[in-house]
Every structure is written in structure tokens, then in C-alpha cells.
Amino acid sequence: MRLILFDIDNTLLYTGGAGGLGMNLAFQEMFGISDGFASVEFSGRTDLFILSEALRQHGIRGGLEAHLQGFLRSYHYHLEQTLEERNGHLEPGFPHLLEALQKRDGVRLGLATGNFSQAAWMKLEHYGIRQYFRDGAFGDESLDRAEMVREGIRRFAGDVAPTDVLIVGDTPHDVSSALANRLVAVGVATGTYTTDQLRDSGANLVFQDFSDWHDAAAKLAGEA
Ligand SMILES: [Mg+2]
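Residues numbered from 1 in each chain as written. Predicted model: local features only at pLDDT ≥ 70, side-chain atom pairs only at ≥ 80, totals over all residues.

**Considerations on the domain arrangement of the protein chain**
Definition in use: Just so you know, the domain bounds were taken from an automatic or database domain assignment. Two residues form a contact once the distance between their C-beta atoms, set from the backbone, is within 7 Å. Under the DSSP-based scheme used, a helix requires at least four consecutive residues in state H or I and a strand at least two consecutive residues in state E, with every element numbered from the N terminus. Following the grouping adopted for this structure description, the nonpolar residues are Ala, Val, Leu, Ile, Met, Phe, Trp, Tyr, Cys and Pro, the charged ones are Asp, Glu, Lys and Arg, and the polar ones are all others, Gly among them.
Along its sequence, the protein chain is organised into domain 1 (2-15 + 88-220) and domain 2 (18-85). Computed over C-alpha atoms only, the centres of domain 1 and domain 2 are separated by 23 Å. Between domain 1 and domain 2, the contact holds 22 residues from the first and 16 residues from the second. Secondary structure elements with two or more residues in the side of domain 1 that touches domain 2: helix 5 (117-126), helix 6 (145-157) and helix 7 (172-179). When residues of the side of domain 1 that touches domain 2 are assigned to their parent elements, the largest contribution, five residues, is made by helix 5. Residue composition of the side of domain 1 that touches domain 2, grouped by class: six nonpolar, eleven polar and five charged.

If you want it as C-alpha cells, here you go:
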């Protein structure tokens, strides 16, 4: 059994900034602060980390414990709208790559995303690829991406050999979350990082994109 876990933003799809905008609108609604995440690095971070950083930077009392549930309600409400408003797209080769992998015996697909879980499912639903995934590791699980991946796999995959787990993502954070758990790191340069940068960060396998999905499916499934 080979488990292939995909990051969402800039790996499977690009929302046109709908996620960041939705989080900003929710933060503004709750705390009256516009552009509350301006000084927080989003790329490759878990949403839990991003929110806790913004709360800390703005000196908001109570932290995650006091504000997480309210924030999630507001964020999900706004995300519904921003996904409609912003023009995004699936990244090259999708959904064909997922379709091809799903057909293979011995391959199981999942998510390894920093997104809050409900927001993750909303994005996949909006772009029509929800049906390929049943479970995953999500950004509500930890401030730290490597720990998030570890917990997620333990929960839904149990005793799978680390060498049979591939983490596919567009940032060095995705790569390091794989390597920290001795998993196989696959980089794809559809975000802001180049293939060289992803390779330098330690990725075991690197793609420019998945437009040649036929070849990519064989490589990811371990056949080529
Ligand atoms: Mg990403």
C-alpha cells in the first residue's frame, strides 16, 4: 500500500487568494482590524499557526483558546463567498492525475494541508475534486506542519511504512514536514518556489508541474 498525500494551495489548486481574503474578512469582523495577516507568512504554514501569529502580533487577549471557534465560523462564512468571487483554477494535470492514481490498486490518496479541515473540504468541493479524498492531515491539528503530518497519518493510516508515504507539496515546508517524519518528499513548482529550490530543500522527487500526468502518475505510484 502506497499512501500519497497532497497539499492543497498551489499544489492541487489556486483559489485566486480566496483563502487569505476570507481569513482577513473574518479577522476584521471579529477584531475590527483590516489586513490582520499582513505580517504573517502564509506559505507552507498551518492555519492554526497563522491565526495564532496574527492574534499574537495584534496583542489580542485569550489567544486561540478564546477565539478559534468564532473565527472558524466567520471564516467559513466568508470563504463561501470569496471562493465564488475569486477566479482560481486547478493546477496543471488535475484532476487527471488524481483519476489515474485512484484507479491503481495499492494506492491510497489523502491530504496533507495546512488548511483548517472544513475550509480544505470547501476548496476541494468548489473546484470539483472533493470525491478523490476521504481523509487527511489538516491545519487544525497542530501549529507545526511536521507534527500535523505525523498525527494525521497515525490517525487515518495506522502502521504504514514511512517509505510508502509520499508528501506532495509546493513549498520547502511541505518537504521538511515529510523529511522530519522520514517520509518521501515530492516537490512541485506550481507555487512560488522553483524546482531547484525544492530540490535544495531536500525533495526526493521534483516536478515542474503535473501537466504530463500520465508520467507523473507512474512515478508517484512507484512504477517508473
Ligand atoms: Mg501549498
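That covers the picture; the talk isn't over yet.
**Remarks on the packing of helix 1 (residues 18-31) against helix 3 (residues 63-85)**
The test is simple: The axes are straight lines fitted to the C-alpha atoms, using for helices just the contacting stretch, and the angles between their N-to-C directions are given from 0 to 180°. Angles are sorted into four bins: roughly parallel if under 35 degrees, roughly antiparallel if over 145, roughly perpendicular if 65 to 115, and oblique for all others. By definition, turning the near helix anticlockwise from the far helix through less than a right angle yields a left-handed crossing, and turning it clockwise yields a right-handed one.
Interaxial distance between helix 1 and helix 3 falls to 8 Å at its minimum, and their mutual angle equals 130°. By the angle class used here, helix 1 and helix 3 are oblique. As for how helix 1 packs across helix 3, the hand of that crossing is right-handed. Across the interface between the two elements, A18, G19, L21, G22, M23, L25, A26, E29 and M30 of helix 1 pack against H67, G70, F71, S74, Y75, H78, L79, T82 and L83 of helix 3. When grouped by side-chain class, the residues that make up the contact of helix 1 with helix 3 number ten nonpolar, seven polar and one charged.

**Considerations on the packing of helix 6 against helix 7**
Two quantities define a packed helix pair, namely the angle between the axes and the distance from one axis to the other. As a packed pair, helix 6 and helix 7 sit with axes 8 Å apart at the nearest point and diverge in direction by 50°. Compared by their axis directions, helix 6 and helix 7 come out oblique. Crossing angle aside, the handedness with which helix 6 passes helix 7 is right-handed. Residues R145, A146 and V149 of helix 6 lie in contact with helix 7, whose contacting residues are H173, S176 and S177. Looking at the contact of helix 6 with helix 7 residue by residue, the class counts come to two nonpolar, three polar and one charged.

**Let's talk about the sheet that holds strand 8 (residues 205-207)**
Condition: For two strands to count as paired, DSSP must find a minimum of two bridges between them.
Pairing within the open sheet is parallel, and its six strands lie in the order 5-4-1-6-7-8. Strand pairing shows two members of the sheet lacking a second neighbour, strand 5 (136-137) and strand 8, which therefore form its edges. Of the pairings in the sheet, the one linking strand 1 (residues 2-6) to strand 6 (residues 165-169) comprises four bridges and is parallel in character. In the strand pairing of strand 6, F6 is matched with V168.

**Here's the deal with the nonpolar core**
To be explicit about the condition: For our purposes the nonpolar core covers buried Ala, Val, Leu, Ile, Met, Phe, Trp, Tyr and Cys residues that link as a set through C-beta atoms within 7 Å. Burial in this document is a count-based property: other C-beta atoms within 10 Å of a residue's C-beta are tallied, and the residue is buried at 20 or more, exposed at 12 or fewer, or partly exposed in between, with C-beta positions derived from the backbone.
Counting residues in hydrophobic clusters, the biggest one holds 61 residues, and the most contacted among them are I4, L5, L166, I167 and V186. The element best represented in this core is helix 2 (residues 47-57), accounting for six residues. Two domains share this core, each providing at least three of its residues, namely domain 1 (2-15 + 88-220) and domain 2 (18-85). Discounting chain neighbours no more than four positions away, the residues touching I4 are L101, V107, L109, L166, V168 and L220.

**So, the environment of M148**
Mapped onto the elements of the fold, M148 is located in helix 6. Owing to 24 C-beta atoms within 10 Å, M148 belongs among the buried residues under this scheme. Each C-alpha atom of the pair M148 and L83 lies 25 Å from the other, and the pair is 65 residues apart in sequence. Ignoring anything within four residues of it in the chain, the contact list for M148 reads T46, A137, G139, E141 and S142.

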